[in-house]
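One letter stands for each residue in the lines below.
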Amino acid sequence: MEVIALFKLLETFKLVYETRNFSKAAELLFISQPTVSTQIKQLEADLDTILFIRNGRITITATPQADVLYDKALDLLDDWATIREDMHAPRQTTIHCKIGVSHTFAMVLMPDLLIDLSNAFPHVSFSIKLMNSAEVAQAMNQHELDLGIIEKPLATPALIRTPLMTDQLVLAGDTAGPWLIRETASGVYYYTKRYLEEQNIQGPIIEIASNALIVSMLKKGFGCSIVSKRAAADLPFQSLDPGFERHFYLLQREDSSKTVIHSLKSFIQQWALTQNEYKTRG
């Protein structure tokens, strides 16, 4: 099989594995569903194994062989993308870096960090994606991001997690309610849930999957919420005990081979130190 054809099959396999749906994978690849089915059958024939068990017209189940292939395919596809970048390096000096950032960090710290990154690395083209902490970790594992910054101490064996800086949470807004809380996969949800349980607060509760929207609602005098002290600068707030101090973390894949990613990681770590020092002095 030609190398290019193999990578096309692996790209198709990757999307089928992640979506567990042939039709959805076809939509994402802009090809027909029968073409996706044909490519998966070809890959199964080449590997002499079954990758997916079809349960009716829609539902499919991945086999243990598919689980193994998925991890290997991510590495191969990532290496191939790096090779293609290296081959075009003499003609295309711009390097692309995709960073996934959790909502609190994106709102209160990412603007300054992105400006400093852009100034320090003019040859790097940055793409910033806002996600909750769990989504950032998942996208990192799927090789969709080069770096991640989260606010939840998630543990995953394929990722290197480095503490960046502390973040003090406070209770902001009108405590008469309603409570504005993040979704369960967000970094701040754990602390909010703990506070509500400790204070025996039952609600009412409104779930909002955006820190920026929550802060905007608080500024309008509506509701209360557990938020970063950095985000509550213009809001009435109550300090919370040290148990509501958390960390922001930097995520990097263990198998990352791009030199620029290591340089960016070092820069972000040094930048975070200056922010902590500034906070201490302030």
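Analysis parameters
- Residues numbered from 1 in each chain as written.
- Predicted model: local features only at pLDDT ≥ 70, side-chain atom pairs only at ≥ 80, totals over all residues.
- Heavy atoms only, no water.
- Core = buried A, V, L, I, M, F, W, Y, C linked by side-chain atoms within 4.5 Å.
- Buried < 20%, exposed > 50% of the residue type's maximum accessible area, 1.4 Å probe, protein only.
- Helix = DSSP H or I, 4+ residues; strand = E, 2+ residues; numbered from the N terminus.
- Contact = heavy atoms within 4.5 Å.
- Salt bridge = Lys/Arg side-chain N within 4 Å of Asp/Glu carboxyl O.
- Pairing = 2+ DSSP bridges.
- pLDDT = per-residue confidence, 0-100.
- Patch = residues over 30% accessible without salt bridge, like charges linked within 9 Å, V, L, I, M, F, W, Y side chains within 5 Å.
- Areas by Shrake-Rupley, 256 points an atom, 1.4 Å probe, with all protein chains shown as cover.
- Lys, Arg positive; Asp, Glu negative; His and termini not counted.
- Charge placed at Lys NZ, Arg CZ, Asp CG, Glu CD.
- Phe/Tyr/Trp six-rings, centres within 6.5 Å; stacked < 30°, edge-to-face > 60°.
- Lys NZ or Arg CZ within 6 Å of the ring centre and 35° of its normal.

### What to know about the nonpolar core
Part 1: Counting 24 residues, the largest nonpolar core has F105, L113, L117, F126, L164 and L264 as the members making the most contacts within it.
Part 2: When residues of this core are traced back to their parent elements, those giving at least two are strand 3 (95–101), helix 5 (103–108), helix 6 (110–120), strand 4 (124–130), strand 5 (147–150), strand 6 (159–173), strand 11 (245–253) and helix 10 (259–281).
Part 3: Examining the composition of this core, we find that six residues originate from one element, helix 10, more than from any other.
Part 4: Beyond its immediate chain neighbours, meaning those up to four positions away, L264 contacts C97, L117, F121, F126 and L147.
Part 5: Membership of the second largest hydrophobic core comes to 23 residues, among which are L9, F22, A26 and A62.

### Let's talk about the pattern of salt bridges
Between side chains of opposite charge, a pair can form as their charged atoms come close.
Part 1: Tallied over the full model, the rule gives nine salt bridges.
Part 2: The partner of R230 in a salt bridge is D167, and the shortest N-O contact between them spans 3.1 Å. Of this pair, R230 sits in the loop between strand 9 (224–228) and strand 10 (237–239) while D167 sits in strand 6; the two residues are 63 residues apart in sequence, bridging distant segments of the chain.
Part 3: A residue is classified by how much of its surface remains accessible, and R230, at 26% relative accessible area, is partly exposed.
Part 4: One network of salt bridges, in which partners are shared, links E151, D167, R230 and R246.

### Focus: the pairing of strand 5
Part 1: Side-chain alternation along strand 5 places L147 and I149 on one buried face and G148 and I150 on a second face that is also buried.
Part 2: Bridge count for strand 3 against strand 5 is three bridges, and the pairing is parallel. What sits directly across from I99, in strand 5, is L147.
Part 3: The pairing of strand 5 with strand 11 spans four bridges and is antiparallel. Paired with G148 across the two strands is L251, which belongs to strand 11.

### Structural notes on the confidence of the model for the protein
Part 1: With 89% of its residues at a pLDDT of 70 or more, the protein has an overall mean of 86.
Part 2: Long-range and interchain partners of residues 277–282, a stretch whose pLDDT sits below 50, account for two contacts in this model, where long-range means more than four residues apart.

### Section: a negative patch on the surface
Part 1: On the surface, a cluster of negative charge is contributed by D67, D71, D75 and D79.
Part 2: Considering the arrangement of structural elements, one finds D71 in helix 4 (residues 64–87).
Part 3: Classification of D71 as partly exposed rests on a relative accessible area of 47%.

### Re unusual backbone geometry
Across the chain, the bulk of peptide bonds are trans and the bulk of non-glycine residues have phi less than zero.
Part 1: Across the junction of G177 and P178, the peptide omega takes the value 0°, indicating a cis bond.
Part 2: A positive phi angle, close to 60°, is found at H143, a residue other than glycine.
Part 3: Relative to the assigned elements, H143 resides in the loop between helix 7 (133–141) and strand 5.
Part 4: Its relative accessible area of 15% is what places H143 among the buried residues.
Part 5: Look at N200: it is not a glycine, yet its phi comes out positive at around 55°.
Part 6: Among the secondary structure elements, N200 is positioned in the loop between helix 8 (189–198) and strand 8 (205–207).

### What about the environment of L43?
Part 1: Following the sequence through the fold, L43 ends up in helix 3 (residues 33–47).
Part 2: Separated by 34 residues in sequence, L43 and L9 have C-alpha atoms that sit 6.6 Å apart.
Part 3: Ignoring any residue separated from it by four or fewer positions in sequence, one finds L43 in contact with L9, L10, F13, L51 and L69.

### Side note on the packing of aromatic side chains
Part 1: Under the defined criterion, the tally for this structure stands at ten aromatic pairs.
Part 2: Considering the side-chain rings of F13 and F52, the 5.7 Å spacing of their centres and the 40° angle between planes classify their relative orientation as tilted. One end of the pair, F13, is in helix 1 (residues 3–19); the other, F52, is in strand 1 (residues 52–55), and 39 residues separate them in sequence. Taken individually, F13 and F52 each receive the classification buried, so the pair is uniform in this respect.
Part 3: For the pair Y191 and F244, a centre-to-centre distance of 6.2 Å together with 50° between the ring planes defines the contact as tilted. Placement of Y191 in helix 8 and of F244 in the loop between strand 10 and strand 11 is noted, with a sequence separation of 53 residues between them. For the pair Y191 and F244, one class covers both residues: buried.
Part 4: An aromatic cluster of at least three residues, connected via ring pairs, comprises F13, Y17, F22, F52 and Y70.
Part 5: The positively charged end of R20 is found above the aromatic ring belonging to Y17, 4.4 Å away from the centroid.
Part 6: When the ring centre of Y249 is taken as origin, the NZ or CZ atom of R161, which lies over that ring, is 5.0 Å away.

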